[in-house]
Amino acid sequence: VQLQASGGGLVQAGGSLRLSCAASRRFRISAANWYRQAPGKQRELVATISSDGSTNYADSVKGRFTNSRDNAKNTMYLQMNDLKPEDTAVYYCNAELQFGVSVYDTWGQGTQVTVSS
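Owing to the predicted nature of the structure, the values given are computational and were not obtained by experimental measurement.

Enquirer: Pulling in residues and values, what's your account of the overall build of the chain?
Expert: Tallying secondary structure elements over the chain gives zero helices and 11 strands in all. Rg of the C-alpha trace for the chain: 14 Å, near the compact-globule value of 13 Å for 117 residues, within the 12% margin. For the C-alpha atoms alone, the extent of the chain along its principal axes is close to 45 × 25 × 25 Å. Expressed as a percentage of its 117 residues, the buried residues of the chain come to 42%. Partitioning the intrachain contacts of the chain with sequence separation of at least 6 by distance along the chain shows that 54% fall at a separation of at least 24. Between the averaged position of the 12 positive side-chain charges in the chain and that of its 9 negative side-chain charges there is a distance of 6 Å.

Enquirer: Please set out the sheet that holds strand β3 (residues 17–23) residue by residue, giving values where relevant.
Expert: Ordered in space as β1-β3-β8-β7, the four strands form an open sheet in which the pairing is antiparallel. Each edge of the sheet is formed by a strand with only one pairing partner; in this case those strands are β1 (3–6) and β7 (65–70). Direction aside, the axes of adjacent strands within the sheet are offset by 15° on average. As judged from the six bridges shared by β7 and strand β8 (residues 75–80), these two strands associate in the antiparallel manner. Paired with Thr66 across the bridge in β8 is Gln79.

Enquirer: Pulling in residues and values, what's your account of the pairing of strand β9 (residues 89–99)?
Expert: Pairing geometry for strand β4 (residues 28–37) and β9, over eight bridges, is antiparallel. Residue pairing across strands places Gln37 opposite Val90, the latter belonging to β9. Strand direction decides the pairing type here: β9 and strand β11 (residues 111–116), joined by three bridges, are antiparallel. Paired with Val90 across the two strands is Gln112, which belongs to β11.

Enquirer: Tell me what's going on with the packing of aromatic side chains, and back it up with residues and numbers.
Expert: Under the definition given, this model contains three aromatic pairs. With a centroid separation of 5.6 Å and 55° between ring planes, the pair formed by Phe27 and Phe99 is classed as tilted. One end of the pair, Phe27, is in the loop between β3 and β4; the other, Phe99, is in strand β9, with 72 residues separating them in the sequence. Since its relative accessible area comes to 4%, Phe27 is described here as buried. Between Tyr35 and Trp107, the aromatic rings sit 5.0 Å apart at their centres with planes inclined by 45°, giving tilted as the arrangement. Of the two residues, Tyr35 is situated in strand β4 and Trp107 in strand β10 (residues 102–107); the sequence distance between them amounts to 72 residues. Its relative accessible area of 37% is what places Trp107 among the partly exposed residues.

Enquirer: Now, about the state of the cysteines: what can you tell me, with residues and values included?
Expert: Using the criterion set out here, one finds one disulfide in the structure. Disulfide partner of Cys21: Cys93, at an S-S distance of 1.8 Å. Torsion about the S-S bond of the Cys21 and Cys93 cystine: about -75°, corresponding to left-handed handedness. Here Cys21, found in strand β3, pairs with Cys93, found in strand β9; they are 72 residues apart in sequence, far enough to count as distant. One exposure class covers both Cys21 and Cys93, and it is buried.

Rules used throughout
- Residues numbered from 1 in each chain as written.
- Predicted model: local features only at pLDDT ≥ 70, side-chain atom pairs only at ≥ 80, totals over all residues.
- Heavy atoms only, no water.
- Helix = DSSP H or I, 4+ residues; strand = E, 2+ residues; numbered from the N terminus.
- Rg over C-alpha atoms; globule rule 2.2 N^0.38 Å.
- Buried < 20%, exposed > 50% of the residue type's maximum accessible area, 1.4 Å probe, protein only.
- Contact = heavy atoms within 4.5 Å.
- Lys, Arg positive; Asp, Glu negative; His and termini not counted.
- Charge placed at Lys NZ, Arg CZ, Asp CG, Glu CD.
- Pairing = 2+ DSSP bridges.
- Axes fitted to C-alpha atoms, helices over the stretch in contact; angles between N-to-C directions.
- Phe/Tyr/Trp six-rings, centres within 6.5 Å; stacked < 30°, edge-to-face > 60°.
- Disulfide = S-S within 2.5 Å.

This is the structure in structure tokens:
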């Protein structure tokens with residue numbers, strides 16, 4: 001059971017990045033969450049999308065980040081716009097992956113996002 005993250009990098013303030021996490025082919029992404037952890041800080045929940053498609057966001061990213069999933073591609077995304085230096089962190093995807101009646105809580109490996117001022 002695996003989530004493969006990609007899309008991090010270095011961007012200037014005001015720029016955009018899109019993070020992706022791809023699940024192994026035979027699994028369906030149900031709930032999909034994004035967390036981030038900045039140096040010296042605790043990991044925080046940034047965005048969620050439930051199995052029924054409803055989304056929630058941390059106040060700090062509301063209106064700038066969009067969480068989505070594409071079940072045809074077994075991939076979840078975090079579109080990040082108007083990035084700020086305080087968004088700098090390692091971002092982690094976390095998903096409930098379904099295979100038949102089994103559900104697996106799975107984490108991606110983390111991807112670095114650095115926003116320069």
